[in-house]
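# Topology and contacts: notes
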Amino acid sequence: MPVDLIALERAARNRLDPSVYDYFASGAHDELTVADNVAAWQRIRLRPRVLRDVSNVSLATMVLGAEVSMPVLLAPTRLPAARGGAGHRQGRGGGRHGDGGVDFSTVAMEDIADAAPGGP
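Residues numbered from 1 in each chain as written. Predicted model: local features only at pLDDT ≥ 70, side-chain atom pairs only at ≥ 80, totals over all residues. Heavy atoms only, no water.

Let us look at the overall build of the chain. Of the regular secondary structure elements, the chain holds four helices and two strands. Secondary structure of the chain in N-to-C order comes out as α-α-α-β-β-α. Taken across its 120 residues, the chain has 16% of its residues classed as buried. Relative to all contacts within the chain whose residues are 6 or more apart in sequence, the contacts with residues 24 or more apart total 43%. By element, 57% of the accessible surface of the chain is carried by carbon and sulfur atoms, the whole surface being about 10,000 Å². (Helix = DSSP H or I, 4+ residues; strand = E, 2+ residues; numbered from the N terminus. Buried < 20%, exposed > 50% of the residue type's maximum accessible area, 1.4 Å probe, protein only. Contact = heavy atoms within 4.5 Å. Areas by Shrake-Rupley, 256 points an atom, 1.4 Å probe, with all protein chains shown as cover.)

What follows concerns the packing of aromatic side chains. Scanning the model with the defined rule gives one aromatic pair in all. Look at Tyr23 and Phe24: their rings are 5.9 Å apart centre to centre, the planes differ by 65°, and that puts the pair in the edge-to-face class. By relative accessible area, which is 31% here, Tyr23 ends up partly exposed. Exposure remark for Phe24: the relative accessible area of 39% places this residue in the partly exposed category. (Phe/Tyr/Trp six-rings, centres within 6.5 Å; stacked < 30°, edge-to-face > 60°.)

Here is the structure:
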């Protein structure tokens, strides 16, 4: 099943407190970067490959000398103290499953590191 980014955004809107969703979904000034991001995703075309053996597929790769489970990284996020735990009930981003999660939040960095032992 293909990933439907519009459906994911709708789910986030339905699940998050409206002020939290608005904070994450908005941009500064004229929101030009928000519009550029949407346009960039619309330019990406994936070419489906059918009848291929996908029983043993790995997205793992190396990033800055550390192995990550997939080539998706979460950038450092500077959030006001009141928003630090807004997107995750424990106030942290990725990293628990071997992805390259980086977070700046109300949770101590040691607690984030403890949640992803051996993580990058």
